[in-house]
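Notes for the structure review
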Amino acid sequence: MANAASGMAVNDECKQKFMELKAKRQHRYIIFKIEEGKKEVLVEKTGEPSTSYDDFAADLPADECRYAVFDYDFFSEENVPKSKIFFIAWSPDTSRIRSKMLYASSKDRFRRELDGIQIELQATDPSEMSLEVISGRVA
């Protein structure tokens, strides 16, 4: 179990599920949650490869912070299929201040545990991580 700088441990399942997403494409997305009582980052939910971005966005809680990874498929200007792995730090305005601080202080160390992240987004509102924002970041 890895230890984040904030004293937050990273459950081994986090890295295992990320490798399944990155190398084997077994998941479209992974949502991670900090279990405050255990001081540990855990996998909360994974999405099947066939799930959509809207399904992913709907699985993020409206008033609680989360980390998430999303495997975004797109076509290049040459019409070649590609994908990019996004790391999203979801910190809605309506979440508790303590929770926002905990997620913010643990984010960089946790992100480094997931080798292969290509693009990072910080979102406090669904519009900041809309599909238009995602597709605009790969152009």
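Residues numbered from 1 in each chain as written. Predicted model: local features only at pLDDT ≥ 70, side-chain atom pairs only at ≥ 80, totals over all residues. Heavy atoms only, no water.

1. A word on the pattern of salt bridges
Inspection of every chain in the model, using the stated rule, returns 14 salt bridges. The residue R28 makes a salt bridge to D73 at a minimum N-O spacing of 2.8 Å. Of this pair, R28 sits in the loop between α1 (12–24) and β3 (29–35) while D73 is found in strand β5 (residues 66–75), placing the two residues 45 residues apart along the sequence. Taking the relative accessible area as the measure of exposure, D73 reaches 35% and is therefore partly exposed. D59 is paired through a salt bridge with K45; the nearest N and O atoms lie 3.7 Å apart. Here K45 lies in strand β4 (residues 40–47) and D59 lies in helix α2 (residues 53–59), a separation of 14 residues in the sequence. Residue D59 is classed as partly exposed on the basis of its relative accessible area of 27%. Beyond isolated ion pairs, a larger network of salt bridges with shared partners links R25, R28, D71 and D73. (Salt bridge = Lys/Arg side-chain N within 4 Å of Asp/Glu carboxyl O. Helix = DSSP H or I, 4+ residues; strand = E, 2+ residues; numbered from the N terminus. Buried < 20%, exposed > 50% of the residue type's maximum accessible area, 1.4 Å probe, protein only.)

2. Observations concerning helix α3 (residues 97–113)
Owing to its 3.6 residues per turn, the α-helix aligns residues three or four sequence positions apart on the same side. With 17 residues, α3 should reach 24 Å at 1.5 Å per residue; the first-to-last C-alpha distance of 25 Å fits that figure. Of the residues making up α3, those classed as buried are S99, L102, Y103, S106, K107, F110 and E113. (Expected span 1.5 Å × (residues − 1).)

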